[in-house]
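A closer look at the structure
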Amino acid sequence: MKNFFSPLKVFAIFLILILSEVGSQSSYLDEGIILFEKNEFAKSKILFERNLVFDPKNEESYLYLAKIFNKNNNDEEQEINLNNVLLLNPKNDEAIYMLTLLKIKQSDYDQAKHLIDKFILVCKSFCSKKDEMQQKLKKLVPEDAKSNN
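The text that follows walks through the structure, step by step, so that each part is easy to find.

Rules of the game
Residue positions are given per chain, counting from 1 as you read along its sequence in written order. In keeping with the predicted nature of the model, local features appear solely for residues at pLDDT of at least 70, side-chain atom pairs appear and are counted solely at 80 or more, and the whole-chain, interface and lining totals rest on all residues. Just so you know, side-chain values use all the structure's heavy atoms and leave hydrogens and water out. Think of it this way: any DSSP run of H or I at least four residues long counts as a helix, any run of E at least two long counts as a strand, and we number them from the N terminus. Any residue under 20% of the maximum accessible area for its type is buried, any over 50% is exposed, and the rest in between are partly exposed; the area is computed with a 1.4 Å probe on protein chains only. Two residues form a contact once any of their heavy atoms are found within 4.5 Å. Computed by Shrake-Rupley with a 1.4 Å probe, the accessible areas treat only the displayed protein chains as cover when residues are assessed. By this rule the span expected of a helix is its residue count minus one, scaled by 1.5 Å. The arc in question is formed by the directions pointing from the helix axis toward the C-beta atoms. Ring pairs shown here join Phe, Tyr and Trp side chains whose ring centres sit within 6.5 Å, with only the six-membered ring taken for Trp; geometry is labelled stacked below 30 degrees between planes, edge-to-face above 60, and tilted in between. In this analysis the charged atom, NZ for Lys or CZ for Arg, is taken to sit over a ring once it is within 6 Å of the ring centre and within 35 degrees of the ring normal. Nine residue types can take part in a nonpolar core, namely buried Ala, Val, Leu, Ile, Met, Phe, Trp, Tyr and Cys, and a core is a set of them joined through side-chain atoms within 4.5 Å. By definition here, a salt bridge exists when the distance from a side-chain nitrogen of Lys or Arg to a carboxyl oxygen of Asp or Glu is within 4 Å.

**Some details on the overall build of the chain**
Counting secondary structure elements, the chain contains eight helices and zero strands. In sequence order, the chain lays out its α and β elements as α-α-α-α-α-α-α-α. For the chain, the proportion of its 149 residues judged to be buried stands at 36%. Sequence-distant contacts in the chain: of pairs separated by 6 or more residues, those separated by 24 or more amount to 46%. Total accessible area computed for the chain in this model is approximately 9,700 Å², and 56% of it derives from carbon and sulfur atoms.

Okay, structure coming up:
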């Protein structure tokens, strides 16, 4: 009887450790958001990355990392993280919006136009940004393309 309880105790301890680790994962995201809102980008970046170690499919962590890289003018890392968001959720309108602005900044007319078309189809919370994106895209259009329309 004594041998039966020994493996049961080990299993119970293991289960407690696993559950406490799962609980701390969500706290990484929550703490990261709090730090992000306080403009503590370096600290929040670490927490979002730590959250992705435990949950590599967390689109919110990727989105916040993209926002951090946007603030730090790191276009390459911003684009990588936005593409990760869109791989996980192709209808994330905030990620499409941010990626569209990035493509406009990079003067990638074709990709920006494609993203705006996609944005119009899926927008939920950022629909008011559609006109802003279209105005920025119009500024990007080459003069010869404008005269052809």
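**Here's the deal with helix H6 (residues 109–122)**
Taking 1.5 Å per residue as the helical rise, H6 with its 14 residues ought to reach 20 Å, and the 20 Å between its terminal C-alpha atoms agrees with that figure. Looking only at H6, the buried set comprises Ala-112, Leu-115, Ile-116, Phe-119 and Val-122. Viewed end-on, H6 has its buried residues packed into an arc of 135 degrees, placing them on one side of the element. Seen from the buried face of H6, the exposed residues on the opposite side, beyond 90 degrees, are Asp-110 and Leu-121.

**So, the packing of aromatic side chains**
Inspection of every chain in the model, using the stated rule, returns five aromatic pairs. With centroids separated by 6.5 Å and ring planes inclined at 45 degrees, the aromatic side chains of Tyr-97 and Phe-119 adopt a geometry described as tilted. With Tyr-97 in helix H5 (residues 93–105) and Phe-119 in helix H6, the pair connects residues that are 22 residues apart, well separated along the chain. By the ring-pair criterion, three or more aromatic residues cluster together here, those being Phe-36, Phe-41, Phe-48 and Tyr-64. The residue whose ring lies beneath Lys-67 is Tyr-64, and the NZ or CZ to ring-centre distance is 4.6 Å.

**Observations regarding the nonpolar core**
Core analysis: the largest hydrophobic core is formed by 33 residues, its most contacted members being Phe-48, Leu-82 and Phe-119. Only helix H1 (2–37), helix H2 (41–54), helix H3 (59–71), helix H4 (75–88), H5, H6 and helix H7 (130–140) provide two or more residues apiece to this core. Apart from the residues lying within four places of it in its own chain, the contact partners of Phe-48 are Leu-29, Gly-32, Ile-33, Phe-36, Ser-61, Tyr-64, Leu-65 and Ile-68.

**Digging into the environment of Pro-56**
By the secondary structure assignment, Pro-56 is in the loop between H2 and H3. Of the residues examined, Pro-56 reaches a relative accessible area of 49% and is grouped as partly exposed. It is 9.9 Å that separates the C-alpha atoms of Pro-56 and Asn-84, two residues lying 28 residues apart in sequence. Apart from residues lying up to four places away in sequence, Pro-56 is in contact with Tyr-62 and Leu-88.

**As for the side chain of Asp-93**
Looking at the element boundaries, Asp-93 is found in helix H5. Accessibility expressed as a relative area gives 7% for Asp-93, which makes it buried. Beyond its immediate sequence surroundings of up to four residues, Asp-93 is in contact with Phe-119, Val-122, Cys-123, Lys-124, Ser-125 and Phe-126.

**Re the pattern of salt bridges**
For the structure shown, the criterion picks out eight salt bridges. Among the ionic pairs, Glu-40 bridges to Lys-43, the shortest N-O distance being 3.5 Å. The salt bridge involving Asp-108 is made with Lys-103; its shortest N-O contact spans 3.9 Å. Classification of Asp-108 by relative accessible area gives partly exposed; the value is 28%. Among the charged side chains, a network of salt bridges with common partners joins Glu-79, Lys-103 and Asp-108.

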